[in-house]
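Coordinates in review
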Amino acid sequence: MEEYKILVINPGSTSTKVAVFEGRNSVFLKTIRHSTEQLAHYDNIASQYEFRKEIILSELVQADIDIENISAVVGRGGLVRPIESGVYEVTEELKKDLRESKQGEHASNLGGLIADDIARSIVGARAFIADPVVVDELIPEARISGLPEMPRRSIFHALNQKMVAKNYAKSLDRNYEEMNLIVAHLGGGISIGVHRLGKVIDVNNALDGYGPFSPERAGTLPTGGLVDLCFSGKYTQQEIKKMINGKGGLIAHTGTNMASELEERGKNGDAHAALILRAMGFQIAKSIGSAAAVLCGRVDAIIITGGIAHDKKLCDQIKEMTGFIAPVVIMPGEDEMRALAENALAVLTGETKLKVY
């Protein structure tokens, strides 16, 4: 089989990750940090485009990476319109939606744009995005909230959730499309996805919506209290939004977004820190129980993933509360770069069909 070389680009709010894979083997990986001073020169994320692209190309030159041999460039999918899970070629329509940030402004919107630009400079190279956060496979019932004006939206850690679910199925010599799984991604945001026969039919909006509170996000809040807060005159709209996403959850209660730090503080006698961490675990377990109801209790496994899945005490709490539903499997961390590369490789080898945006 031809050893395809794949360039992976993953822009974040204060960093840009770049990797090169030869087949399934990583041969280069670099996280480029961007200081507040560097980013202060730009009015918005879209205006960072040339800066981010040039710094990527510079890093590749310094690493002596010959991009002329690249078969595909895959970028982290941004806030495009809701789409099914899969790999999409970067088209003019896709680029237009990324540039205009119709679904919201996020650094990941630059991923597909930069991937396309670099791919165009290489003879025969193709540009893709894969499993962006707006993957939407919800069943109709899951879209309805108590107000017609506020439908439930699918925004979650689709790339990592899909990857760990497929890898788990593969480890059992089974097909992902034949299994019912609950995947809990525990990171700066927390998403609990109901994977039924290859589709995420229900999931919480992990960006600024509902579900368990997380290290940085408030999750589901008492609605009346939120309305009172909004109209109290004490806070601007932007300040309220920051409370919900960025300064909510663990940060609001304890001043830190590090679950490991709270566990250590709890061991040293900080009862409040221990309580807040347990409360987060409590909410995660409750959400997993709700997800099991969506599957009518027919659950093959519960998978705990993301950075906080390294926290044994928290995982043990979730296991204790949900282990009666199905086996609980811990698959800690997230490897978005490998997930992007493997999605692109699956298209190049014909294992996966390319989808049209």
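Residues numbered from 1 in each chain as written. Predicted model: local features only at pLDDT ≥ 70, side-chain atom pairs only at ≥ 80, totals over all residues. Heavy atoms only, no water.

1. Quick look at the environment of G193
Formally: Under the scheme used here, helices are H or I runs from DSSP no shorter than 4 residues and strands are E runs no shorter than 2 residues, and both carry numbers assigned from the N terminus. Whether two residues are in contact is decided by their heavy atoms, any of which lying within 4.5 Å being enough.
Mapped onto the fold, G193 is located in strand β8 (residues 190-196). For G193, the residues in contact, after removing those within four places along its chain, are Q161, L181, I182, V183, V200, D202 and V203.

2. Things to note about the layout of surface pockets
How we decide: The pocket and cavity definitions rest on a 1 Å grid over protein atoms only: a 1.4 Å probe that fits but cannot leave marks a cavity, an open set with protein on both sides within 12 Å along at least five of seven lines marks a pocket, and residues lining either have an atom within 4 Å of a point. Grid points are joined across faces, edges and corners, and a volume is the space filled by probe spheres set on the points. When residues are sorted by character, Ala, Val, Leu, Ile, Met, Phe, Trp, Tyr, Cys and Pro go into the nonpolar class, Asp, Glu, Lys and Arg into the charged class, and all the rest, Gly among them, into the polar class.
Taken as a whole, the second largest pocket encloses approximately 720 Å³ of empty space. Forming the walls of the second largest pocket are 30 residues, and the residues nearest its centre are K166, E177, N343, E351 and T352. Elements supplying a minimum of two residues to the lining of the second largest pocket: α6 (158-171) and α13 (336-348). In terms of residues, the lining of the second largest pocket owes the most to one element, α6, which gives seven residues. For the lining of the second largest pocket, the residue count by class is nine nonpolar, eight polar and 13 charged.

3. Quick look at the packing of aromatic side chains
Selection criterion: Note on ring pairs: Phe, Tyr and Trp rings are taken, using the six-membered ring of Trp, and paired if centres are within 6.5 Å. Classes follow the plane angle, with under 30 degrees stacked, over 60 edge-to-face and the rest tilted. Over a ring means this: the NZ of a Lys or the CZ of an Arg is within 6 Å of the ring centre and within 35 degrees of the ring normal.
A complete count under the given rule lists one aromatic pair for this structure. Here the guanidinium or amino end of R81 rests over the ring plane of Y357, the centre of that ring lying 4.0 Å away.

4. Some remarks on the packing of helix α10 (residues 259-267) against helix α11 (residues 271-294)
Condition: Lines are fitted to the C-alpha atoms to define the axes, a helix being fitted only along its stretch in contact, and any angle between axes, read from their N-to-C directions, falls within 0 to 180 degrees. Reported orientations rely on four angle classes, namely roughly parallel under 35 degrees, roughly antiparallel over 145, roughly perpendicular from 65 to 115, and oblique for the rest. Should the near helix be turned counterclockwise from the far one by less than a right angle, the crossing is left-handed, whereas a clockwise turn marks it as right-handed.
α11 packs onto α10 with a crossing angle of 135° between their chain directions and a minimal axis gap of 7 Å. With respect to each other, α10 and α11 are oriented oblique. The interaxial crossing formed by α10 with α11 has left-handed handedness. Packed against α10, whose contacting residues are A259, L262, E263, R265 and G266, the element α11 presents A273, A274 and L277 at the interface.

5. Details of the pattern of salt bridges
Applied cut-off: We define a salt bridge as a side-chain nitrogen of Lys or Arg found within 4 Å of a carboxyl oxygen belonging to Asp or Glu. Exposure categories follow from relative accessible area, calculated using a 1.4 Å probe and restricted to protein chains: below 20% of the type maximum is buried, above 50% is exposed, and the middle band is partly exposed.
What the rule picks out here adds up to 25 salt bridges. For E137, the salt bridge is made with K162, and the minimal N-O distance between the two is 3.1 Å. Of the two residues, E137 is situated in the loop between β6 (126-130) and α5 (140-143) and K162 in helix α6; the sequence distance between them amounts to 25 residues. Judged by its relative accessible area of 10%, E137 is buried. One salt bridge connects D316 with K312, and the closest N-O pair in it is separated by 2.7 Å. Residue D316 and its partner K312 are both found in helix α12 (residues 312-322); the two are separated by four residues, about one turn of the helix. What emerges from the salt-bridge pattern is a single network uniting E50, K53, E54 and D117.

6. Brief notes about the side chain of R217
Let me state the cut-off plainly: When charges are counted, Lys and Arg contribute as positive and Asp and Glu as negative, whereas His and the chain ends are disregarded. Between N or O atoms, a polar contact is any pair within 3.5 Å; within protein, one atom must be a potential hydrogen donor and the other a potential acceptor, and residues adjacent in sequence are included only when both atoms are from side chains.
Within the secondary structure layout, R217 lies in the loop between β9 (199-203) and α7 (223-230). Despite its burial, R217 remains without a salt bridge, the nearest opposite charge being carried by E216 at 4.7 Å. One polar contact links R217 to N245, side chain to side chain, over a distance of 3.1 Å. Once residues lying within four places of it in the same chain are set aside, the contact partners of R217 are G188, G189, A206, L207, I244, N245, G246, G248 and G249.

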